[in-house]
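Given next are the chains, with one letter for each unit.
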Amino acid sequence: MTQHVAAPDGLVWDLLADVAGRREWLSTAGAVEALTPPPFAVGTRWRETHRMPDGEQVAEEYRVDECVPGRRFVITSPGDGAAYRTSYTITPVTSGRHLGETLVTVAQHGHAEGRRARLLEVVLGGLAVRTAEGALRQELADLAAAAARRRDDPGAPAA
């Protein structure tokens, strides 16, 4: 999925690459614990607690597996019975009505691990896809709102 963000690409990258600051702008994030020191690069790891649509709190660990600073990164998460790979691409808009904005594209791929998880994937696969899609849409909306606040007031917090 893709989102136009009304802010320059550098500001968008700074928000995404600030692991410790994720809790400030990501509405579904609870605790965020950096497991490696900055800078954001291949090997960066963190643990993040998310509030699921049903209210359940789920902790996940993330690792940066690919990183082109300012442009693209890929994170992986082992999950519970499933592994996820999520890529983020940050593209500055250089023409048209969105000139000066940033296009953020997120793609997530997941696969079940273990026999029980694969069975649940067959039974609940569509629900899982819709849940993941909703979470990514919320993340992009939160990112756009935080970037707009920072663009308008560089000293303001992201939230």
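Keep in mind the model is a prediction, meaning the values are calculated, not measured. (Residues numbered from 1 in each chain as written. Predicted model: local features only at pLDDT ≥ 70, side-chain atom pairs only at ≥ 80, totals over all residues. Heavy atoms only, no water.)

1. Overview of the overall build of the protein
For the protein, the helix and strand inventory stands at 3 helices and 7 strands. Counting from the amino terminus, the protein carries its helices and strands in the arrangement β-α-α-β-β-β-β-β-β-α. Within the protein, the fraction of its 159 residues that count as buried is 35%. Expressed as a percentage of contacts within the protein between residues at least 6 apart in sequence, the contacts between residues at least 24 apart total 46%. For the protein, the exposed area adds up to about 9,000 Å²; of that, 55% sits on carbon and sulfur atoms. (Helix = DSSP H or I, 4+ residues; strand = E, 2+ residues; numbered from the N terminus. Buried < 20%, exposed > 50% of the residue type's maximum accessible area, 1.4 Å probe, protein only. Contact = heavy atoms within 4.5 Å. Areas by Shrake-Rupley, 256 points an atom, 1.4 Å probe, with all protein chains shown as cover.)

2. Here's the deal with the side chain of threonine 44
Turning to its location among the elements, threonine 44 is positioned in the loop between β2 (29-34) and β3 (45-51). Engagement of the side chain of threonine 44 in a polar contact is seen with the backbone oxygen of proline 39, the distance being 3.3 Å. Leaving out residues up to four positions away in the same chain, threonine 44 has contacts with Val19, Thr36, Pro39, Tyr62, Arg63 and Val64. (Polar contact = N/O pair within 3.5 Å; in protein donor to acceptor, adjacent residues only side chain to side chain.)

3. Focus: the confidence of the model for the protein
Mean pLDDT for the protein: 86, with 82% of residues reaching 70 or above. Confidence, expressed as mean pLDDT per element, reaches its minimum in the protein at helix α3 (residues 115-152) with 71 and its maximum at helix α1 (residues 9-17) with 97. Below a pLDDT of 50 lies the segment residues 116-127, which in the model reaches 7 contacts outside its immediate sequence neighbourhood of four places, other chains included. (pLDDT = per-residue confidence, 0-100.)

4. Focus on α1
Burial runs high along α1: 7 of the 9 residues are buried. If you check which residues of α1 are buried, you get Asp9, Leu11, Val12, Trp13, Leu15, Leu16 and Ala17.

5. Observations concerning the nonpolar core
Core analysis: the biggest nonpolar cluster contains 28 residues, and Val12, Leu16, Phe40 and Phe73 have the highest contact counts within it. When residues of this core are traced back to their parent elements, those giving at least two are α1, β4 (57-68), β5 (72-77), β6 (82-92), β7 (102-112) and α3. Apart from the residues lying within four places of it in its own chain, the contact partners of phenylalanine 73 are Trp13, Leu16, Phe40, Glu66, Cys67, Thr86, Ser87, Tyr88 and Ile90. (Core = buried A, V, L, I, M, F, W, Y, C linked by side-chain atoms within 4.5 Å.)

6. Looking at the packing of aromatic side chains
Here the structure, examined in full by the defined rule, presents 6 aromatic pairs. Between phenylalanine 73 and tyrosine 88, the aromatic rings sit 4.6 Å apart at their centres with planes inclined by 10°, giving stacked as the arrangement. Linking phenylalanine 73 in strand β5 with tyrosine 88 in strand β6, this pair joins segments that are 15 residues apart in sequence. Considered together, phenylalanine 73 and tyrosine 88 belong to a single accessibility category, that of buried residues. Among the aromatic residues, ring-to-ring pairing joins Trp13, Phe40, Trp46, Tyr62, Phe73 and Tyr88 into one connected group. (Phe/Tyr/Trp six-rings, centres within 6.5 Å; stacked < 30°, edge-to-face > 60°.)

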